[in-house]
Amino acid sequence: PFDVLVVGGGPAGGSAAIYSARKGLRTGIVADRFGGQVNDTAAIENFISVKRTEGPKFVDNLEEHVKDYDVDVMNLQMAKGLERKNDFVEIELENGATLKSKSVILSTGARWRNIGVPGEAEFKNKGVAYCPHCDGPLFEGKRVAVIGGGNSGIEAAIDLAGITKHVTVLEFASELKADSVLQDKLNSLPNVNVITNAQTTEITGTDNVNGISYIDRESEEEKHVELEGVFVQIGLVPNTDWLGDSVERNKFGEIVTDRDGNTNVAGVFAAGDCTDAKNKQIIISMGSGANAALSAFDYLIRN
Ligand code: FAD
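Now for a quick tour of the structure. These figures come from a predicted structure and were not determined experimentally.

**Details of the overall build of the chain**
A count of helices and strands for the chain gives 6 helices and 19 strands. For the chain, whose C-alpha radius of gyration is 21 Å, the value lies close to the compact-globule estimate of 19 Å for 303 residues. For the C-alpha atoms alone, the extent of the chain along its principal axes is close to 65 × 35 × 35 Å. In the chain, which comprises 303 residues, the proportion classed as buried is 42%.

Rendered as structure tokens:
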């Protein structure tokens, strides 16, 4: 059995594995796709001390760093269940195998919910974006839309209004769902307009995004707005369904952790985008992976 089994091979998992291995713990990492969301990232400009890099290059460096240690990397393996059994935690894989470990660090990340209209996949990283903290500065002085009028959409719109020339918020329902303090703040900004009852139908473009089409659900007219960027903000979904009730999750499906990365199950820790941590970024995931590994070490020397 392992001392520490990390489930998920993104920034959080990679960091947790390195910190565990550096403690001399028998460490394994199971990942459906090593590197996680970073594989889909074009430019990374906010990983502090590295001014600019690309996602795939970042993943290569992460893998090289992990493989520098005695870590058993099991890539292209999907976990489908977790069970605490006496002194061990068992992780069941889709391929039928079961892995045993004295402790487990869950770092299965999350994915942005897609709007699923024509143009979204085609123009990903060519004007279609999901993360305002990551990609907002790429749209400096340009016009953008934010799809989604919940808290994350309105926070994104306020953020982007400070960077871009103009922000159009498109909300499907007849009113915004964001907290009223956010709505008040949004309404105070001069370069934002909100369109409710808007059903996005297409993101248009040639090489890059040049506009967005929507149906006004009241008049049933199709409309088009010219712009250079679209931020899809209709939810970040944690990859935690496979856990069922084995570990406590909140109403969004995020794993509930304390500030040391403990879950409600002894010996089971969690880190990164799959948790209820408020902010989701590479550097934050790596920090929480390190934190969870040090907590796992502390747990192991006491048990
Ligand atoms: P993830 O990166 O999501 O990794 C999760 C890992 O778990 C993967 O290996 C996955 O295959 C694995 N996994 C999932 N389910 C299972 C399972 N059941 N069994 C086994 N393995 C499983 N952040 C920045 O800081 N800067 C940026 O510029 C930036 N740009 C971004 C651009 C895009 C397009 C996207 C999508 C995200 C961006 N982010 C950026 C956010 C950043 O990528 C995430 O915050 C970060 O990757 C989270 O790391 P993580 O390890 O928690 O999860």
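Having put the structure on the table, let's press on.
**Here's the deal with the pairing of strand β13 (residues 192-195)**
With 4 bridges connecting them, strand β12 (residues 166-170) and β13 associate as parallel partners. If you follow Val167 over to β13, its bridge partner there is Val192. At this point the chain moves from β12, through helix α5 (residues 180-187), to the parallel β13, and the crossover so formed is right-handed.

**Brief notes about the nonpolar core**
Membership of the largest hydrophobic core comes to 42 residues, with the highest contact counts inside it found for Leu5, Ala16, Ile91, Val104 and Ile105. Sorting elements by how many residues they give to this core places helix α1 (residues 11-21) first, with 6 residues. When near neighbours in sequence (up to four residues on either side) are disregarded, Ile91 contacts Leu5, Val7, Val30, Ala79, Leu82, Thr98, Leu99 and Val104. Membership of the second largest hydrophobic core comes to 31 residues, among which are Ile147, Val167, Ala178 and Val230.

**Some thoughts on the environment of Glu63**
In this structure, Glu63 sits in helix α2 (residues 55-67). The class of Glu63 is partly exposed, set by 16 C-beta atoms lying within 10 Å. Each C-alpha atom, one on Glu63 and one on Gly24, is 19 Å from the other, the two residues being 39 residues apart in sequence.

**What to know about the sheet that holds β12**
Ordered by their spatial adjacency, 5 strands build an open sheet running β10-β17-β11-β12-β13, and the pairing between neighbours is parallel. Of all the strands in the sheet, just β10 (128-129) and β13 have a single pairing partner and so form its edges.

**What to know about the site of the ligand**
Around the ligand, 38 residues are found, and the nearest of them are Gly8, Gly10, Gly36, Gly109 and Gly272. Looking at the shell around the ligand, the elements that each hand over two or more residues are α1, β2 (27-31), β9 (110-112) and α6 (282-302). Residue composition of the shell around the ligand, grouped by class: 18 nonpolar, 15 polar and 5 charged. Both domains that meet at the shell around the ligand, namely domain 1 (2-112 + 236-302) and domain 2 (128-232), each give it at least three residues.

**A closer look at α1**
Since the α-helix packs 3.6 residues into each turn, any two residues three or four apart lie on the same face. Across the 11 residues of α1, 11 count as buried, placing the element largely inside the fold. Along α1, the residues that are buried comprise Pro11, Ala12, Gly13, Gly14, Ser15, Ala16, Ala17, Ile18, Tyr19, Ser20 and Ala21. The inward-facing, buried residues of α1 abut β1 (2-7), β2, α2, β5 (71-75), β8 (98-106) and α6.

**Some thoughts on the sheet that holds strand β16 (residues 222-226)**
The strand order across the open sheet formed by 3 strands is β14-β15-β16, and the pairing between neighbours is antiparallel. This sheet does not close on itself; its edge strands, each paired only once, are β14 (198-205) and β16. Across the sheet, the mean angle separating the axes of adjacent strands is 25° when strand polarity is ignored.

**Some remarks on the environment of His65**
With respect to the secondary-structure elements, His65 resides in helix α2. For His65, a count of 14 C-beta atoms within 10 Å puts it in the partly exposed group.

**Concerning α2**
Taking 1.5 Å as the rise per residue, α2 with 13 residues should run 18 Å; its terminal C-alpha atoms sit 18 Å apart, in good agreement. Taken residue by residue, α2 has Val59, Leu62 and Val66 as its buried positions. All buried residues of α2 project into a common sector of 60° when viewed along the axis, lining one side. In α2, the exposed residues that point more than 90 degrees away from the buried face are Lys57, Asp60, Glu64 and Lys67. Those residues of α2 hidden inside the fold are in contact with α1, β2 and β5.

**Remarks on the packing of α1 against α2**
Relative orientation of the contacting elements α1 and α2 amounts to 20°, with a least axis distance of 9 Å. Here α2 runs roughly parallel to α1, going by the angle between their axes. Between α1 and α2 the crossing geometry is left-handed. Every residue of α2 that contacts α1 at Pro11, Gly14, Ala17 and Ile18 is listed here: Leu62, His65 and Val66. Residue classes in the contact of α1 with α2 are distributed as 5 nonpolar, 2 polar and no charged.

Conventions and cut-offs
- Residues numbered from 1 in each chain as written.
- Predicted model: local features only at pLDDT ≥ 70, side-chain atom pairs only at ≥ 80, totals over all residues.
- Helix = DSSP H or I, 4+ residues; strand = E, 2+ residues; numbered from the N terminus.
- Rg over C-alpha atoms; globule rule 2.2 N^0.38 Å.
- Buried ≥ 20, exposed ≤ 12 C-beta atoms within 10 Å, placed from the backbone.
- Pairing = 2+ DSSP bridges.
- Right-handed = clockwise from strand over helix to strand, strands pointing away.
- Core = buried A, V, L, I, M, F, W, Y, C linked by C-beta atoms within 7 Å.
- Contact = placed C-beta atoms within 7 Å.
- Near = placed C-beta within 6 Å.
- Nonpolar A, V, L, I, M, F, W, Y, C, P; charged D, E, K, R; others polar.
- Domains from an automatic or database assignment.
- Axes fitted to C-alpha atoms, helices over the stretch in contact; angles between N-to-C directions.
- Expected span 1.5 Å × (residues − 1).
- Arc of directions from axis to C-beta.
- Parallel < 35°, antiparallel > 145°, perpendicular 65-115°, else oblique.
- Left-handed = near helix turned anticlockwise from the far one by under 90°.

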